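Reading the structure
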Amino acid sequence: MATKLLLTFAICRLIVTVGLTLDPTELLLLGVDAQLSVDPTDVKAASLDFGLLTGAQPPLAVMHPASSQDVAQLVKAAYGSNFGFTVSARGHGHSINGQAQTANGVVVQMSGSIGGSGVASGRKPPYPRVWPQERFVDVWGGELWIDVLRSTLQHGLAPKSWTDYLYLSVGGTLSNAGISGQAFNHGPQISNVHELDVVTGKGELLTCSEEQNSEMFHAVLGGLGQFGIITRARISLEPAPQRVRWIRVLYSNFSTFTRDQEYLISLHEQPASQKFDYVEGFVIVDEGLINNWRSSFFSPHNPVKISSLEPNGGVLYCLEIAKNYHESTASTIDQEVESLLKKLNFIPASVFTTDMPYVDFLDRVHKAELKLRSKGLWEVPHPWLNLFVPKSKIADFDKGVFKGILGNKTSGPILIYPMNKNKWDHRSSAVTPDEDVFYLVALLRSALDNGEETHSLEYLTNQNRQILRFCDEAGITVKQYLPHYTTHQEWVDHFGNKWDRFYRLKMEFDPRHILASGQQIFTPTNMASWQ
């Protein structure tokens, strides 16, 4: 009874706030008991994200859907209301700048229960369904990639392309791109999708693919949630390896480092025995960083000293590579790795190698998360800045940022690795530099209240602005990954020649701008202005 009273209160609040034309009893039919929740724990959790950079914007209610139809009913109610209320899909809440939040509507909690109420009456979204012969898996949009992996491994299969962190939702990463060290070879995760079920901003449930509703299919992939909520994705699979040989080597010269990275990704069309399966790297500007959580790969009994390696400009670069294999082919892995390493020009004494199960390699960042949580260093503000930098300007970026703006202090890992543009489908909504090869530079810093100015949120936020200003003044045409802008013109500039299509499809599939308002690309409209 108490839950139903809270639910009735939530609906009345929606009616008062946005002027629903629906009778309250109609909206009650959208869910029973805890499916539509105003539980304070739910609401508070839905108002926060991993970034912790925005002020909490509590939604009016939180929905825990058990099916695509649940999501469609909610969005249809928003679309048909007098003034409209917004709907934002939330996965694991790993956004940085409040992209999954809404202060004037309902958050659809796609990834399980985030608070006190949970999913009512045991109703849960469908589990992953693996099709071994066809080599694909159908998964709920809120499914976490770690659970997708566990399901597919039961059949000896695994998705081809990953993110570094597996506790992210399928719909969330596909709405951005989904990248990691496999992207040079298989492309981002959005290049490895066969089919989607999507709820549009009109509350319509569409199945889309290359052959069916193809314009919607490509728009949603990398579309930042602007055209629909992904409720099902059909993901491409491949035979899963059993083990991984994981290698890190160091460089003191940036051009040598990038030349070797670019050489390795150029091998993408070669047979598996003649290329690595994963190519990433990171920048070391702080003596302590090389032995910290991200670099726990290195033995604590044999710490690496930057000063002993004669870095150029006080900066070192680490190439991170991996080769997958099966136990049945273990006899050849040493020879294959040695042959590839011979063609690289790293510091000879800097080779660090380890061997581990495939699952442990893919889930490596989660282990780091557990370490940080134990020290109270995970749930802190994360002023991350992720940039795609064109190959032609990466040396300028190194000189101006790594050896310039950052100084010799940072508060988190700085990833850098190249990707092949031809592995990205130009029809998707994702935006990349207009060069055949471009780099991800990810400054994954944490703001710490430890008394050090260089670790403070204000300092790191200002430094991000300084980096973007430097790129603009130096003519480095970067594109933000996981983008965040506050003005209409900035979004137009971000999408460039894709903007006209992006806008047209928004007006077609979400004309009232109901969805993903936390991205701040479009302003929700009321019925009067819409008509």
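This structure is a prediction, so every number in the text was calculated from the model and none was measured. For every chain, the first residue of the written sequence is number 1, and numbering continues from 1 along that sequence. Restriction of local features to residues with pLDDT of at least 70 applies here, the model being predicted, together with a cutoff of 80 or more for giving and counting side-chain atom pairs; totals for whole chains, interfaces and linings are based on all residues. To get the side-chain values, all heavy atoms of the structure are used, and hydrogens and water are removed first.

Thoughts on the overall build of the protein
The cut-off we apply is this: Helix and strand assignments come from DSSP, with helices taken as H or I runs of at least 4 residues and strands as E runs of at least 2, each series counted from the N terminus. The rule is simple: take the accessible area with a 1.4 Å probe, protein chains only, and divide by the maximum for that residue type; under 20% is buried, over 50% is exposed, in between is partly exposed. Any pair of residues with heavy atoms lying within 4.5 Å of one another is described as a contacting pair.
Of regular secondary structure, the protein possesses 17 helices and 18 strands. In the protein, which comprises 531 residues, the share counted as buried stands at 58%. Within the protein, contacts between residues at least 6 apart in sequence are counted, and of these 76% link residues at least 24 apart.

Looking at helix H10 (residues 330–341)
Heads up, the rule is: Residue count minus one, scaled by 1.5 Å, sets the expected span of a helix. By definition, the arc is the one covered by directions from the helix axis to the C-beta atoms.
If you check H10, its first and last C-alpha atoms are 17 Å apart, about what twelve residues at 1.5 Å a residue would give, namely 16 Å. Turning to H10, its buried residues number three or more, namely Ile333, Val337, Leu340 and Leu341. Projected down its long axis, H10 carries its buried residues within an arc of 95°, all on one side. Every exposed residue of H10 that faces more than 90 degrees away from the buried side is listed here: Ser331 and Gln335. Contact partners of the buried residues in H10: strand S11 (243–251) and strand S13 (316–325).

Quick notes on the nonpolar core
Applicable threshold: What is meant by a nonpolar core is a set of buried Ala, Val, Leu, Ile, Met, Phe, Trp, Tyr and Cys residues, joined one to another through side-chain atoms within 4.5 Å.
Core analysis: the biggest nonpolar cluster contains 80 residues, and Leu174, Ile179, Leu196, Ile235 and Met419 have the highest contact counts within it. The residues touching methionine 419, leaving out its near neighbours within four places in the chain, are Ile179, Ala183, Phe184, Ile265, Phe388, Trp424, Asp436, Val437, Phe438 and Leu440. One finds Phe257, Leu267, Leu319 and Ile333 within the second-largest nonpolar core, a separate group that totals 43 residues.

Describing the confidence of the model for the protein
Applicable threshold: Values of pLDDT, ranging from 0 to 100, describe the predictor's confidence in every residue of the model.
Summary statistics for the protein give a mean pLDDT of 88 and a share of 85% for residues scoring 70 or more. Note that residues 18–28 has pLDDT below 50 and, in this model, 26 contacts with residues that lie over four places away or in other chains. The model gives residues 527–531 a pLDDT under 50, and that stretch makes nine contacts with residues more than four places away or in other chains.

Section: the packing of aromatic side chains
Note the cut-off: Stacked, tilted and edge-to-face pairs are distinguished by plane angle, under 30 degrees for stacked and over 60 for edge-to-face with tilted covering the rest, among Phe, Tyr and Trp rings (Trp via its six-membered ring) whose centres lie within 6.5 Å. The rule for a charge over a ring is simple: NZ of Lys or CZ of Arg within 6 Å of the ring centre, and within 35 degrees of the ring normal.
The tally for this structure, following the rule as stated, stands at 28 aromatic pairs. Aromatic pair tyrosine 165 and tyrosine 167: ring centres 5.9 Å apart, planes at 35°, arrangement tilted. For the pair formed by tyrosine 165 and tyrosine 167, the shared burial category is buried. An aromatic cluster of at least three residues, connected via ring pairs, comprises Phe227, Tyr485, Trp491, Phe495, Trp499, Phe502, Tyr503 and Phe522. We note arginine 234 situated over the ring of tryptophan 131; from NZ or CZ to the ring centre the distance is 5.8 Å.

What to know about the pairing of strand S9 (residues 205–209)
Short version of the rule: The criterion for strand pairing is that DSSP finds at least two bridges linking the strands in question.
Where strand S8 (residues 193–200) and S9 come together, five bridges link them in antiparallel fashion. When the sheet's bridge partners are listed, aspartate 197 is paired in S9 with threonine 207. Counted between consecutive antiparallel strands, the loop separating S8 from S9 contains four residues, among which glycine 203 sits at a positive phi close to 85°.

Here we look at the sheet that holds strand S16 (residues 414–420)
Within a beta sheet, neighbouring strands are joined by backbone hydrogen bonds and run either parallel or antiparallel to one another. Applied cut-off: Axis definition: a line fit to C-alpha positions, over the contact stretch in the case of helices; interaxial angles, taken between N-to-C directions, run 0 to 180 degrees.
Ordered in space as S14-S11-S13-S12-S16-S17-S15-S18, the eight strands form an open sheet in which the pairing is antiparallel. The strands lining the two open edges of the sheet, one partner per strand, are strand S14 (352–357) and strand S18 (479–480). Running over the sheet, helix H9 (residues 254–265) touches S11, strand S12 (278–284), S13, S16 and strand S17 (437–443) and is turned about 45° from S16. Helix-sheet contacts for H10 involve S11 and S13, and the interaxial angle to S13 is about 150°.

Quick look at the environment of lysine 202
Put simply, the rule is: N or O atoms within 3.5 Å of each other form a polar contact, as long as, within protein, one can give a hydrogen and the other can take it, and as long as residues adjacent in sequence are counted only when both atoms are side-chain atoms.
The residue lysine 202 is located in the loop between S8 and S9 in this model. A relative accessible area of 26% places lysine 202 in the partly exposed class. Among all residues touching lysine 202, those that are not within four sequence positions of it are Val75, Lys76, Tyr79, Glu508, Phe509 and Pro511. A polar side-chain atom of lysine 202 sits 3.2 Å from the main-chain carbonyl oxygen of glutamate 508.

Let's talk about the environment of threonine 231
Here threonine 231 shows up in strand S10 (residues 228–239). Distance from threonine 231 to leucine 206, taken between C-alpha atoms, is 9.9 Å for residues 25 residues apart in sequence. Other than its neighbours up to four places away in sequence, threonine 231 contacts Ser68, Val71, Met110, Val139, Trp140, Gly141, Asp197, Val198, Val199 and Leu205.

Notes on the pattern of salt bridges
Counted only if it meets this: Just to be clear on terms, a salt bridge is a Lys or Arg side-chain nitrogen sitting within 4 Å of an Asp or Glu carboxyl oxygen.
For the coordinates displayed, the defined rule picks out 23 salt bridges. Between lysine 323 and glutamate 336 there is a salt bridge whose closest N-O contact spans 3.7 Å. Here the residue lysine 323 occupies a position in strand S13, and glutamate 336 occupies one in helix H10, the gap between them amounting to 13 residues. Among the ionic pairs, arginine 373 bridges to glutamate 369, the shortest N-O distance being 2.7 Å. With arginine 373 and glutamate 369 both in helix H12 (residues 364–374) and four residues apart, this pair spans about one turn of that helix.

Observations concerning the pairing of S13
With respect to burial, S13 is a largely interior element, nine of its ten residues being buried. Bridging between S11 and S13 involves nine bridges; their strand directions are antiparallel. Across the sheet, the residue bridging to tryptophan 246 is alanine 322, located in S13.

Some thoughts on the sheet that holds strand S1 (residues 36–37)
In space, the four strands of this open sheet follow the order S1-S2-S4-S3, with mixed pairing throughout. Sheet topology places S1 and strand S3 (86–90) at the edges, where each strand pairs with a single neighbour. Across five bridges, S3 lies against strand S4 (residues 105–109) in parallel orientation. Across the sheet, residue valine 87 finds its bridge partner in S4, namely valine 106.

Some words on the packing of helix H13 (residues 394–405) against helix H14 (residues 457–473)
To be explicit about the condition: Should an angle fall under 35 degrees it is taken as roughly parallel, and over 145 as roughly antiparallel, whereas 65 to 115 is taken as roughly perpendicular and any remaining angle as oblique. Helix crossings get a hand from a simple test, with the near helix turned counterclockwise from the far one by less than a right angle marking a left-handed crossing and a clockwise turn marking a right-handed one. All amino acids are sorted into three groups, where Ala, Val, Leu, Ile, Met, Phe, Trp, Tyr, Cys and Pro are nonpolar, Asp, Glu, Lys and Arg are charged, and the leftover types, Gly among them, are polar.
Between H13 and H14, whose axes approach to 11 Å, the crossing angle comes to 155°. In this view, H13 runs roughly antiparallel relative to H14, as classed from their interaxial angle. The handedness of the crossing between H13 and H14 comes out as right-handed. Residues Asp396, Phe397, Gly400, Val401 and Ile405 of H13 lie in contact with H14, whose contacting residues are Gln463, Gln466, Ile467, Phe470 and Cys471. Grouping the constituent residues of the contact of H13 with H14 by class yields six nonpolar, three polar and one charged.

Structural notes on the side chain of threonine 200
Tracing the sequence through the fold places threonine 200 in strand S8. Sequence-distant contacts of threonine 200, defined by excluding residues within four places in its chain, comprise Val75, Leu206, Met216, Phe227, Gly228, Phe509 and Leu515.

Things to note about helix H16 (residues 499–509)
Taken together, the buried positions of H16 are occupied by Trp499, Phe502, Leu505, Lys506 and Phe509. Around the axis of H16, the buried residues are gathered within 130° of arc, so they sit on the same side. Elements that come into contact with the buried residues of H16 comprise S8, S9, helix H8 (214–220) and helix H15 (488–495).

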